[in-house]
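Single-letter residue listing:
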Amino acid sequence: EVLFEAGDELSATATGDEVPAFSGAVVAPGHATVDQPNADDLVFSRDEDLVVTWDMTSPDGLLIAYLSATDEGGTSSAIYCEWAMGAGDAAMPAALMAQLPAVSDAELSLYDHAGSVIVAGDWHIEIAAEGTPETDSDTAGFFGGITLD
């Protein structure tokens, strides 16, 4: 079931208590269809940029990428990137990729995102709308079992 479409205005309000009263809105992000990476090629060099390409229904919002890896000792490392939805392509820089451990079970998650921040007293409240981009993976927006050489 689709909760919102690209361009829909989503709002939040609170009457106030511990957090002061607030109201705000966010415009739902565009929806991405990710072309690269694809599920047929999930081996990436830590010496090269990890390129992500996509088409979108609307240039509004961001495409967020989160790549995480855990080494044999149990230490986790991650790269978090935000790109303007309208860009259509971007990369996780090789300089960051090189800081991840060489593993065969890294995970990449992708999200369509739009958000706005409301200030209510001393509080900063983010109203966010996120969706899952379409990919050729069975689990849209998520790639597991990635090898980082």
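Structure: see above.
Attention in this report is confined to the structure presented alongside it. Note that this is a predicted model, so its numbers are computed, not measured. (Residues numbered from 1 in each chain as written. Predicted model: local features only at pLDDT ≥ 70, side-chain atom pairs only at ≥ 80, totals over all residues. Heavy atoms only, no water.)

### Details of the sheet that holds strand β5 (residues 50-56)
Applicable threshold: If DSSP finds at least two bridges between two strands, the strands pair. Helical segments are the DSSP runs of H or I of at least four residues, strand segments are the runs of E of at least two, and each set is numbered from the N terminus. The axes used here are C-alpha line fits, helices contributing only the stretch in contact, and every angle between their N-to-C directions lies in the interval 0 to 180 degrees.
A sheet is described by the order of its strands in space; here three strands give the open sequence β3-β5-β8, paired in antiparallel fashion. Each edge of the open sheet is held by one strand with a lone partner, namely β3 (32-36) and β8 (89-92). Going from strand to strand, the sheet's axes swing by 30 degrees on average, the running direction of each strand aside. Relative to β5, β3 is paired through four bridges, and the arrangement is antiparallel. Each residue of the ladder has a partner; that of Gln36, found in β5, is Thr53.

### Remarks on unusual backbone geometry
Most peptide bonds are trans, and most residues other than glycine sit at a negative phi. Along the chain, Gln36 connects to Pro37 via a cis peptide bond; the corresponding omega equals 5 degrees. Here Pro37 shows up in the loop between β3 and β4 (43-44).

### A few points about a nonpolar patch on the surface
Under the convention used in this document: Each patch is built from salt-bridge-free residues with over 30% relative accessible area, joining like charges within 9 Å and nonpolar side chains (Val, Leu, Ile, Met, Phe, Trp, Tyr) within 5 Å. Note on areas: these come from Shrake-Rupley sampling with a 1.4 Å probe, and a residue is covered only by the protein chains present in the view. By convention in these notes, a salt bridge is any Lys or Arg side-chain nitrogen within 4 Å of a carboxyl oxygen on Asp or Glu.
Where nonpolar side chains cluster on the molecular surface, the patch consists of Tyr66, Tyr80 and Tyr111 and spans about 300 Å² of accessible area. Looking at the element boundaries, Tyr80 is found in strand β7 (residues 76-84).

### Details of the packing of aromatic side chains
What counts is decided by this rule: Any two rings among Phe, Tyr and Trp, with Trp reduced to its six-membered ring, count as a pair given centres within 6.5 Å; such a pair is stacked if its planes are under 30 degrees apart, edge-to-face if over 60, and tilted if neither. Exposed residues in this analysis have more than 50% of their type's maximum accessible area, buried residues have under 20%, and partly exposed residues fall in between, with area computed by a 1.4 Å probe over protein chains only.
This model, assessed by the stated rule, comprises one aromatic pair. Residues Trp54 and Trp83 carry aromatic rings whose centres are separated by 6.0 Å and whose planes lie at 20 degrees to one another, so their mutual orientation is stacked. On the criterion of sequence distance, the pair formed by Trp54 in strand β5 and Trp83 in strand β7 is long-range, its members being 29 residues apart. The exposure classification of Trp54 matches that of Trp83, with both residues buried.

### Digging into the nonpolar core
Counted only if it meets this: Here, nonpolar core means buried Ala, Val, Leu, Ile, Met, Phe, Trp, Tyr and Cys residues that are tied together by side-chain atoms lying within 4.5 Å of each other. In this description, contact between two residues means that some pair of their heavy atoms is separated by no more than 4.5 Å.
Counting 26 residues, the largest nonpolar core has Trp54, Leu67, Trp83, Met92, Ile146 and Leu148 as the members making the most contacts within it. In contact with Trp54, not counting residues within four places along its chain, are Ala32, Thr33, Val34, Asp35, Leu63, Trp83, Ala84, Met85, Ala87, Gly88, Asp89 and Ala90. Among the nonpolar cores identified, the runner-up in size contains eight residues, and Val26, Ala114, Ala120 and Ile127 belong to it.

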